[in-house]
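Spelled out, the chains give:
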Amino acid sequence: MGLNLPGAGAGAGPGGLFGPGSPTFLTTKIDFVVNWARRESMWPMPFGTACCAIEMMAAFASDFDLSRFGMERMSFSPRQADVLICAGRVPYKLAPVLRRIWDQMPQPKWCVSMGACASTGGVFDVYSMVQGIDTIVPVDVYVPGCPPRPEGLIYALMMIQEKVRQESLAQHYELRAEDPSRVASPRASEAEVVALSGPFGNSTQQNQLVGGAEVKAAPRSDDPTP
Amino acid sequence: MSQQAKSGLDAVDEGPVPSDAAGPASAGVPADPAGHPSVAGLIARFGPAIVHHEVSAGDQHVVHVAPTRNLEILGWLRDDPGARYDLLADVTAVDLGGGRPLQVVYQLWSIPHRRGLRVKCLLALDALEIDSVVGLWSSADWLEREVYDMFGVTFRGHPDLRRILMPMDYAEGHPLRKDFPLRGRFSRAEQTRRALAQDLEKFYTPHDIEIGREPQQVTLPAAPAPEGPGAES
């Protein structure tokens with residue numbers, strides 16, 4: 001238990017917190033209070049790009065009602081958001097947008113990658129699609145499914161709450177370290193991107209490994225560019 | 001049962017033709033020009049410029065015309081009182097692969113006559129240029145940009161021929177061509193690096209991003225002079 005009730009004698013007044021005669025103050029740990037406040041009032045930033053967003057809306061609607069867990073308000077402004085829910089496929093053209101939204105969110109912040117496409121590229125192992133948003137932004141929880149049920153998203157957000165509960169303020173600078181020079185540049189190095197995107201799809205890296213296809217740019221003089 | 005009586009779904013059941021298969025560039029059957037009044041009119045008016053006429057999927061009449069005269073022929077189809085194709089529903093293209101010519105497709109609809117017509121122009125792969133029809137139908141603007149972006153067809157006379165779907169600085173070519181590899185030409189790491197290095201402000205002005213038009217200065221007509229005492233209240 002985080003809350004410690006002091007002895008009945010200390011600070012006892014006529015109208016205490018727990019009835020007459022009970023104390024009018026509580027003692028606790030700062031870690032517990034801060035994590036409790038963060039945990040129970042998370043504002044999600046919905047980044048819905050595809051069918052996963054429909055399930056996300058269902059999770060927010062009355063049947064499943066994420067408000068029960070403190071996700072009272074969808075924060076459509078990243079400046080007031082705590083947790084980014086990336087629901088759906090992300091094409092390369094949208095990658096800088098996702099990255100900018102992540103950079104605009106204030107610390108502390110968390111990220112849920114919802115669905116197969118956001119997590120690995122899914123079935124879209126094609127020229128235009130990001131193979132997992134973890135090559136763009138750091139992800140805390142991946143939700144499998146195509147699309148996941150609302151229960152899956154709720155479970156992911158409860159896992160984030162559990163992650164918050166276990167944090168300590170002493171770890172703050174370690175957990176929240178951000179290198180300003182890396183803002184809006186790839187989070188992962190080239191080797192990391194290849195390692196992340198390689199095993200999931202039958203992607204370019206596998207072609208590279210078996211020498212099955214030329215993956216470097218081929219010169220094409222006949223492509224007109226404006 | 002004649003070919004004409006086939007429904008569209010029968011043609012779907014036949015399945016796709018492999019792109020590398022040799023043979024004609026389309027699966028339609030040659031048709032009688034008298035079956036469609038606009039086709040008869042086109043042949044009477046333009047003669048040899050109307051290369052081929054066929055029926056696809058049961059009742060869709062397709063006309064292949066000479067790509068050098070597309071503007072003239074489509075202009076006639078729009079303006080002739082017997083044709084009046086005033087709606088350009090779609091401009092797209094088909095790359096059938098195997099070195100066959102690329103098809104630019106115009107899907108027309110005539111609202112007064114309630115008739116549809118599909119016009120195709122075949123372009124050799126080493127000469128992907130055709131006249132723009134933006135002057136005839138404004139709806140062709142973005143559609144031709146899309147065909148340019150996906151297939152690399154240059155539309156002569158287009159007012160603003162830029163990429164529309166792919167990033168503005170996309171350097172890997174035109175993705176819907178048959179010779180384009182499914183996963184692009186660059187490695188995933190290079191694609192990620194290029195995507196995040198996009199300078200959005202360079203390609204999109206605030207004018208593009210916010211709203212299409214500048215706010216207009218509204219001038220209200222001068223109010224009539226009040227008549228008599230008490231009119232201002």
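Residues numbered from 1 in each chain as written. Chains lettered and ligands numbered in written order. Predicted model: local features only at pLDDT ≥ 70, side-chain atom pairs only at ≥ 80, totals over all residues.

1. Comments concerning the overall build of chain B
Next up, step 1: Regarding its fold elements, chain B presents seven helices and eight strands.
Next up, step 2: Within chain B, the fraction of its 233 residues that count as buried is 29%.
Next up, step 3: Summarising the internal contacts of chain B: among those between residues at least 6 apart in sequence, 56% fall at separations of at least 24. (Helix = DSSP H or I, 4+ residues; strand = E, 2+ residues; numbered from the N terminus. Buried ≥ 20, exposed ≤ 12 C-beta atoms within 10 Å, placed from the backbone. Contact = placed C-beta atoms within 7 Å.)

2. Some points on the confidence of the model for chain B
Residue and element names in this part refer to chain B.
Next up, step 1: Taken residue by residue, chain B gives an average pLDDT of 80. The fraction at 70 or more is 75%.
Next up, step 2: Counted against residues more than four places away or in other chains, residues 1-5, with its pLDDT under 50, gives two contacts.
Next up, step 3: Predicted complex, confidence summary: ipTM 0.71, pTM 0.72. (pLDDT = per-residue confidence, 0-100.)

3. A short note on unusual backbone geometry
Next up, step 1: Of note, the bond from Cys146 of chain A into Pro147 of chain A is cis; its omega dihedral lies within 30 degrees of zero at -10°.
Next up, step 2: Along the chain, the position of Pro147 of chain A falls in the loop between strand 4 (141-143) and helix 5 (150-165).
Next up, step 3: One non-glycine residue, Arg114 of chain B, adopts positive backbone phi at about 55°.
Next up, step 4: Tracing the chain through its elements places Arg114 of chain B in the loop between strand 5 (102-110) and strand 6 (115-123).
Next up, step 5: For Arg114 of chain B, a count of 7 C-beta atoms within 10 Å translates into the label exposed.

4. Focus on the sheet that holds strand 2 (residues 83-87) of chain A
Strands in a sheet are paired, the pairing made by backbone hydrogen bonds, and the direction either parallel or antiparallel.
Residues and elements named next belong to chain A.
Next up, step 1: Ordered by their spatial adjacency, four strands build an open sheet running 1-2-3-4, and the pairing between neighbours is parallel. Two strands close off the open sheet at either side, each with one partner strand: strand 1 (44-48) and strand 4. Between one strand axis and the next, the sheet turns by 15° as a mean value, whatever way the strands run.
Next up, step 2: Note: strand 2 against strand 3 (residues 110-114), five bridges, orientation parallel. Bridged to Val83 within strand 3 is Trp110.
Next up, step 3: The strands that helix 2 (residues 51-60) touches are strand 1, strand 2 and strand 3; relative to strand 1, the one it contacts most, it runs at about 145°.
Next up, step 4: Helix-sheet contacts for helix 5 involve strand 2, strand 3 and strand 4, and the interaxial angle to strand 4 is about 170°. (Pairing = 2+ DSSP bridges. Axes fitted to C-alpha atoms, helices over the stretch in contact; angles between N-to-C directions.)

5. Side note on the sheet that holds strand 6 of chain B
Residue and element names in this part refer to chain B.
Next up, step 1: Here six strands make up an open sheet; going across it, the order is 1-2-3-6-5-4 and the pairing mixed. Since the sheet does not close on itself, it has two edges, and those belong to strand 1 (29-30) and strand 4 (87-94), each with one partner.
Next up, step 2: Sheet analysis places strand 5 next to strand 6, joined by nine bridges and oriented antiparallel. Each residue of the ladder has a partner; that of Tyr106, found in strand 6, is Val119.
Next up, step 3: Docked against the sheet, helix 2 (residues 37-46) engages strand 2 (50-56), strand 3 (60-65) and strand 6, running at close to 170° with respect to strand 2.

6. Looking at the environment of Met74 of chain A
Residue and element names in this part refer to chain A.
Next up, step 1: Assignment of secondary structure puts Met74 in the loop between helix 2 and strand 2.
Next up, step 2: Of the residues examined, Met74 has 16 C-beta atoms within 10 Å and is grouped as partly exposed.
Next up, step 3: Not counting residues up to four positions away in its chain, the partners in contact with Met74 are Pro44, Pro46 and Phe60.

7. Considerations on the confidence of the model for chain A
Residue and element names in this part refer to chain A.
Next up, step 1: The pLDDT averaged across chain A works out to 78; a share of 71% of its residues lies at or above 70.
Next up, step 2: Within chain A, helix 8 (residues 204-210) has the poorest average pLDDT of any element, 52, and strand 2 the best, 94.
Next up, step 3: Taken together, the stretch residues 7-12 has pLDDT below 50 and engages in eleven contacts with residues farther than four places along the chain or on a different chain.

8. Quick look at the packing of helix 1 (residues 30-40) of chain A against helix 5 of chain A
Residues and elements named next belong to chain A.
Next up, step 1: At a minimum axis distance of 9 Å, the contact between helix 1 and helix 5 shows a crossing angle of 165°. As judged from the angle between their axes, helix 1 and helix 5 are roughly antiparallel. Crossing of helix 1 against helix 5: the hand is right-handed. Note on element contacts: helix 5 touches helix 1 through Gln161, Val164 and Arg165, opposite Asn35, Arg38 and Arg39.
Next up, step 2: Split by residue class, the contact of helix 1 with helix 5 holds one nonpolar, two polar and three charged. (Parallel < 35°, antiparallel > 145°, perpendicular 65-115°, else oblique. Left-handed = near helix turned anticlockwise from the far one by under 90°. Nonpolar A, V, L, I, M, F, W, Y, C, P; charged D, E, K, R; others polar.)

9. Here's the deal with helix 5 of chain A
Next up, step 1: With 16 residues, helix 5 of chain A should cover 22 Å at 1.5 Å per step; its first-to-last C-alpha distance of 23 Å lies within 8% of that length.
Next up, step 2: Packed against the buried residues of helix 5 of chain A are helix 1, helix 2, strand 2, strand 3 and strand 4 of chain A. (Expected span 1.5 Å × (residues − 1).)

10. Focus on the nonpolar core
Next up, step 1: By size, the foremost hydrophobic cluster in this structure holds 42 residues, and its most contacted members are Val83, Leu84, Ile85, Cys86, Leu98, Val112 and Met114 of chain A.
Next up, step 2: Those elements that provide at least two residues to this core are strand 1, helix 2, strand 2, helix 3 (95-104), strand 3, helix 4 (115-120), strand 4 and helix 5 of chain A.
Next up, step 3: Sequence-distant contacts of Val112 of chain A, defined by excluding residues within four places in its chain, comprise Val83, Ile85, Cys86, Asp140, Val141, Val143, Ala156, Leu157 and Ile160 of chain A.
Next up, step 4: Of all hydrophobic cores here, the second largest spans 34 residues; its members include Ala83, Val119, Cys121 and Val153 of chain B. (Core = buried A, V, L, I, M, F, W, Y, C linked by C-beta atoms within 7 Å.)

11. Remarks on the pairing of strand 2 of chain B
One face of the sheet, then the other: side chains in a regular strand alternate in exactly this way.
Residue and element names in this part refer to chain B.
Next up, step 1: The pairing of strand 1 with strand 2 spans two bridges and is antiparallel. Within strand 2, the residue paired with Pro30 across the bridge is Glu54.
Next up, step 2: The pairing of strand 2 with strand 3 spans six bridges and is classified as antiparallel. Its bridge partner lying in strand 3, Ser56 is registered against Gln60.
Next up, step 3: What sits between the antiparallel neighbours strand 2 and strand 3 is a turn of three residues, in which Ala57 has the positive phi angle 55°.

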